[in-house]
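Residue-level listing of the chains:
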Amino acid sequence: MRFRAMTLAALASVSVVGVGWQLGAQLTASQQTLATSVPAAAIGTAATATGTAATPSAAPSAAPTAAAAAPAAASGTFDGSVVHTRFGPVQVSVTIANGTITEVMALQLTNDGGRSVMISNQAAPILRSEVLAAQSAQVQNVSGATYTTGGYLTSLQAALDAAQF
């Protein structure tokens, strides 16, 4: 009887962990979708921008490219909104030149405790390089830095929206 109870308890524990894992994966996917679909004004503070609008080039081309089909993005430096996370505020600034993201800089990173600061400081360079490679806010979460990643990408998307990128 005791063996049966222990076996059932272990099976129940595994089931609870499995359900929690699935719910967490769904929640993360929902947060990523929300981070990319919510306009900057709905996030908190509106994104601010300093820069000039770029004029589309009239270069002849045999086949239209994705860059030519997209609306002209402004050139300059754009600050994303301040995103408040569980571990503190996150804000990102992006520099765009000739329709290309040339620099991404974290203006604020999570600051609630030493561990939070350490995690953010490790995640920021990874996020920067991923954004520069992808040329968008559509990048993977940094493992172990879920809140920092979410705030960083939400603020970045607000800056890109302000730039009409």
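Structure's up top.
Nothing here was measured: the structure is a model prediction, and the numbers come from that model. Every chain begins its residue count from 1, and numbering advances along the sequence as written. With the structure being a predicted model, the display of local features is reserved for residues of pLDDT at least 70 and the display and counting of side-chain atom pairs for 80 or more, all residues being used for whole-chain, interface and lining totals. Hydrogen atoms and water are omitted, and side-chain values are computed over all heavy atoms in the structure.

**Q** Go over the overall build of the chain with me, naming the residues and quoting the values.
**A** Counting from the N terminus, the helices are the DSSP runs of H or I reaching at least four residues and the strands are the DSSP runs of E reaching at least two. Per the secondary structure count, the chain includes 5 helices and 5 strands. Ordered by position in the sequence, the α and β elements of the chain form the string α-α-β-α-β-β-β-β-α-α. Taking the contacts inside the chain whose residues are at least 6 apart along the sequence as the reference set, 53% of them involve residues at least 24 apart. Each accessible area value is a Shrake-Rupley result obtained with a 1.4 Å probe; residue values ignore everything except the protein chains displayed when judging cover. Looking at the chain as shown, the accessible area adds up to about 10,100 Å², and 62% of this sits on carbon and sulfur atoms. Contacts were defined at the residue level, with two residues in contact if any of their heavy atoms lie within 4.5 Å.

**Q** Requested: an account of the pairing of strand E5 (residues 100-108), with residues and values cited.
**A** Pairing between strands is defined by DSSP: at least two bridges between them are needed. Inspection of the sheet shows strand E4 (residues 88-97) paired to E5 by 7 bridges, in the antiparallel sense. Residue pairing for E5: Ile96 is matched across the bridge by Ile101. Linking two consecutive strands that pair antiparallel, namely E4 and E5, is a turn of 2 residues; a positive phi of about 55° is found at Asn98 within it.

**Q** I'd like a description of unusual backbone geometry, backed by residues and values.
**A** Glycine aside, residues mostly have negative phi, and peptide bonds are mostly found in the trans state. We note that Gln135 has phi near 55°; this positive angle belongs to a residue other than glycine. Tracing the backbone through its elements, the reader meets Gln135 in the loop between helix H4 (114-134) and helix H5 (146-162). The cut-offs for exposure are 20% and 50% of the maximum accessible area for each residue type, with area from a 1.4 Å probe on protein chains only; residues under the lower value are buried, those over the upper are exposed, and the others partly exposed. On the basis of relative accessible area, Gln135 is assigned to the partly exposed category, the value being 24%. Positive phi values are uncommon outside glycine, yet Gln164 reaches one of about 55°. With respect to the element layout, Gln164 can be found in the segment after H5.

**Q** Could you give an account of H5, with specific residues and numbers?
**A** Here a helix's expected span is defined as the number of its residues, less one, multiplied by 1.5 Å. Taking 1.5 Å per residue as the helical rise, H5 with its 17 residues ought to reach 24 Å, and the 24 Å between its terminal C-alpha atoms agrees with that figure. Burial runs high along H5: 12 of the 17 residues are buried. Listed in full, the buried residues belonging to H5 are Thr148, Thr149, Gly151, Tyr152, Leu153, Thr154, Ser155, Leu156, Gln157, Ala158, Ala159 and Leu160.

**Q** Account for the nonpolar core, naming residues and giving values.
**A** Among buried residues, those of type Ala, Val, Leu, Ile, Met, Phe, Trp, Tyr and Cys that are joined through side-chain atoms within 4.5 Å constitute a nonpolar core. Val94, Val104, Val131, Tyr152 and Leu156 are the most contacted members of the largest nonpolar core, which totals 24 residues. Looking at this core, the elements with two or more residues in it are strand E2 (74-79), E4, E5, H4 and H5. Among residues more than four places away in sequence, those in contact with Val131 are Ile101, Val104, Ser136, Val139, Tyr152, Leu153 and Leu156.

**Q** Can you lay out the environment of Ile101 for me, pointing to particular residues and giving the numbers?
**A** Inspection of the secondary structure puts Ile101 in strand E5. For Ile101, a relative accessible area of 3% gives the class buried. Considered as a pair, Ile101 and Leu160 are 59 residues apart in the sequence and their alpha carbons are 9.2 Å apart.

**Q** Please set out H4 residue by residue, giving values where relevant.
**A** With 21 residues, H4 extends 30 Å between its outermost C-alpha atoms, agreeing within 8% with the 30 Å of an ideal straight helix rising 1.5 Å per residue. Of the positions making up H4, those classed as buried are Ser116, Ile119, Ser120, Ala123, Ala124, Leu127 and Val131. The secondary structure elements touched by the buried residues of H4 are E5 and H5. Directly beyond the C-terminal end of H4, a positive phi value near 55° is found at Gln135.

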